[in-house]
Amino acid sequence: MKRIILADDDFLVRSYLAQLIDWEANGYTLAGVAQDGAQALELAEQLQPDVVIADIDMPVLDGIALLHKLKERGHPAKIVMLSCHDDFEYVKEAMRTGADEYLLKDAVTPEKLLQTLQELTPVDTAEEPKTLTAEQERKQLLQLLEGTILSCASIAPDAVIAVRLTEYEETIAYQPAEQREKFYRSFLQTCEDVGQNLAAVRCVHVRGGLFAVLCAFRAGMSRQAQQLVLRETAAALVQEADRHFAAAVKLGVSDIAEHSTETSVCWNDAKNALEHMFYQPGSIFYAWQCGRMGDMLPRAAEEFLKAAENLTAHRDSAATKRMLGAALEAFAREQTRESLVAGWLHSADHKLGIETRPMPRRFSALREMVQVYLAACEEMLPDTAQYSEGVANTIRYIQEHFRENITLTDAANAVHLTTTYLSYVFHKETDITFSEYLQSCRINHAKQLLERTDERVGDVGALVGYNDNRHFSKVFKKATGMTPQEYRRARRK
């Protein structure tokens, strides 16, 4: 197959020319598509095409500059210039520089394009396909997913599965490079081995804990049969990941590609489906069942950020709870993309003066922020003078005795109120519970000890009122998003 690269900054022109002829049937493959001359030059270096079809007038690097670069580097590709009628002077310069042919955009036909290609690069039916190295194939597969090339020698995908290792950061990411590479090779091979009912399957490591499985179906399969094979393949991926690597994975499965659908479209569908793992339970998410994710921050979330500093200044816990709840409800309703939620959480923490925490893996964990924002800082409670005598005395009692194994009953006895009444009035006036405020005091003092002393984690827990080290670590991580050890390392960097 003769390899062709097409470069034009006009999306409509690129799309029109890409579908103008049946490339494969005529002995050609549209190996890459570029939107400017610089991108076309990079693709030409990587793909070594037989023909480059390029617009004369492009941003970054125009067609004539691209032609100069290719000639300077001794690239053997034939060069076809695309032009409009008004570009005739440019065309003459291009031909003087060494272009092999030019085509007028508004006059090109399937017959004219095919005739030009056949004259420049006659197809040799006996031509042997080029053998790619493993690294060359990986680059091609990644470019296929990105959409910078439209075909790949090793596979013509009909669907793509996005695979995410859910505990990648805690396991694989910390391993030495050699062990990571060994894991990648084994994991990729396992992913490819599951495609027994597929005509072809390729797996590529995209980044971090994200992998792509490219699937090609056997000829003659109905759409229903294709979806069944995808379901079986996805289920096998989950099972084999657990069996061979004791690894939990989440999958996003694209819809079946239409005849003209690019692989990059399938890849984006698979990633979009995978994003639903943030909101929904389960391990496998199918694009034909999932709606689109929200691409904008909900109004309620924006309003919370705008009001956050004022809420803090006035220590308005009731308004904080109400507005934060509305923001979370909007996220869940609109299924906002996880990346937008993560950015919002970072901004909210900053504006409310709360230590920035890692983004939770599940949206349900964000619902606990209502109490985190209200109780994470002791200063969120106004001056005790603004409370009734019983509540003010309870706050002082907690601040003095949080290191001890105190209970609501102990506090009630100390301030001469019944347990039931104290529980009610404390929550009513402060908008948080006795237990939440007690935990807030303990966690804040634990942070200070972890930052300023070398006390062991177990001793830190005991010093702030937790006799069970495992319970202390669990409560600390729930409140801060980090284990005590991780918090200490982060604060001492």
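Residues numbered from 1 in each chain as written. Predicted model: local features only at pLDDT ≥ 70, side-chain atom pairs only at ≥ 80, totals over all residues. Heavy atoms only, no water.

Draft legend 1. Looking closely at the overall build of the protein. A count of helices and strands for the protein gives 21 helices and ten strands. On C-alpha atoms alone, the protein measures out to a radius of gyration of 31 Å, which is more than a quarter above the 23 Å that the 2.2 N^0.38 rule sets for 493 residues. The buried share of the protein, reckoned over its 493 residues, is 48%. For the protein, the share of sequence-separated contacts (at least 6 apart) that also reach a separation of at least 24 residues comes to 66%. Split by element, the accessible area of the protein, about 25000 Å² in all, is 48% carbon and sulfur. The averaged location of the 71 negative side-chain charges in the protein is 6 Å from the averaged location of its 55 positive side-chain charges. (Helix = DSSP H or I, 4+ residues; strand = E, 2+ residues; numbered from the N terminus. Rg over C-alpha atoms; globule rule 2.2 N^0.38 Å. Buried < 20%, exposed > 50% of the residue type's maximum accessible area, 1.4 Å probe, protein only. Contact = heavy atoms within 4.5 Å. Areas by Shrake-Rupley, 256 points an atom, 1.4 Å probe, with all protein chains shown as cover. Lys, Arg positive; Asp, Glu negative; His and termini not counted. Charge placed at Lys NZ, Arg CZ, Asp CG, Glu CD.)

Draft legend 2. Focus on the sheet that holds strand S8 (residues 210-216). Pairing in this open sheet of five strands is mixed, and the strands run S7-S8-S6-S9-S10 from one edge to the other. Each end of this open sheet is capped by a strand with a single partner; those strands are strand S7 (200-207) and strand S10 (284-286). Mean inter-strand twist for the sheet, computed between neighbouring axes without regard to direction, equals 20 degrees. Two strands pair when backbone bridges link them, and strand S6 (residues 159-165) and S8 are joined in this way by six bridges, in the antiparallel orientation. Bridging from a neighbouring strand, Ala162 pairs with Ala212 of S8. Taken strand by strand, helix H6 (residues 134-146) contacts S6, S7 and S8, and its axis lies near 85 degrees from that of S7. Packing of helix H7 (residues 177-193) onto the sheet brings it into contact with S6, S7, S8 and strand S9 (249-253), and relative to S7 it is tilted by some 145 degrees. (Pairing = 2+ DSSP bridges. Axes fitted to C-alpha atoms, helices over the stretch in contact; angles between N-to-C directions.)

Draft legend 3. Local environment of the pattern of salt bridges. Under the counting rule described, the total for this entry stands at ten salt bridges. In this structure, Glu240 and Arg243 form a salt bridge, with 3.6 Å as the shortest nitrogen-oxygen distance. One end of the pair, Glu240, and the other, Arg243, are both in helix H8 (residues 223-245), three residues apart, so they sit about a helical turn from each other. With a relative accessible area of 16%, Glu240 lands in the buried category. The partner of Asp295 in a salt bridge is Arg337, with the nearest N and O atoms 2.4 Å apart. (Salt bridge = Lys/Arg side-chain N within 4 Å of Asp/Glu carboxyl O.)

Draft legend 4. Representation of the packing of aromatic side chains within the structure. According to the stated counting rule, one finds 17 aromatic pairs in the structure shown. An angle of 80 degrees between the planes, with centres 5.0 Å apart, marks the rings of Phe278 and Tyr279 as edge-to-face. Here the aromatic rings of Phe426 and Tyr437 are separated by 6.3 Å at their centres, their planes lie at 45 degrees, and the arrangement is tilted. Of this pair, Phe426 sits in helix H17 (residues 419-430) while Tyr437 sits in helix H18 (residues 434-452), placing them eleven residues apart in sequence. Residue Phe426 shares its accessibility class with Tyr437, and that shared class is buried. Connected via pairs of aromatic rings, a cluster forms that spans Phe183, Tyr184, Phe187, Phe211 and Phe245. (Phe/Tyr/Trp six-rings, centres within 6.5 Å; stacked < 30°, edge-to-face > 60°.)

Draft legend 5. Just H6, in detail. Between its first and last C-alpha, H6 extends 18 Å over 13 residues, near the 18 Å set by a 1.5 Å rise per residue. Buried within H6 are the following residues: Gln140, Leu141, Leu142, Gln143, Leu144 and Leu145. Elements in contact with the buried residues of H6: strand S1 (2-7), helix H2 (37-47), S6, S7, S8 and helix H9 (263-274). Looking at the residues trailing H6, positive phi occurs at Gly147, about 90 degrees. (Expected span 1.5 Å × (residues − 1).)

Draft legend 6. Structural detail: the nonpolar core. If you look at the biggest cluster of nonpolar residues, it comprises 49 residues, and the most contacted ones within it are Leu66, Leu145, Ala212, Leu214 and Trp267. Setting aside chain neighbours within four positions, we find Leu66 in contact with Gly37, Ala40, Leu41, Val52, Ala54, Met58 and Leu61. Ile395, Leu408, Tyr466 and Phe472 belong to the second largest nonpolar core, which has 33 residues in total. (Core = buried A, V, L, I, M, F, W, Y, C linked by side-chain atoms within 4.5 Å.)

Draft legend 7. Main features of unusual backbone geometry. In this structure, Ala246 is a non-glycine residue whose phi angle is positive, near 50 degrees. Of note, Ala246 is situated in the loop between H8 and S9. With a phi close to 65 degrees, His416 is a non-glycine residue in the positive phi region. Relative to the elements of secondary structure, His416 occurs in the loop between helix H16 (408-415) and H17.

Draft legend 8. Expanded view of the packing of H16 against H17. Running from N to C, H16 and H17 point in directions that differ by 95 degrees, and their axes come no closer than 9 Å. Relative to H17, the element H16 lies roughly perpendicular. Contacts between H16 and H17 involve Leu408, Thr409, Ala411, Ala412 and Val415 from the former and Thr419, Leu422 and Ser423 from the latter. (Parallel < 35°, antiparallel > 145°, perpendicular 65-115°, else oblique.)

Draft legend 9. Layout of the side chain of Ser264. Mapping Ser264 onto the fold places it in helix H9. The buried category is assigned to Ser264, whose relative accessible area is 9%. With residues up to four places along the chain from it excluded, the contact list for Ser264 reads Leu144, Leu145, Glu146 and Gly147.

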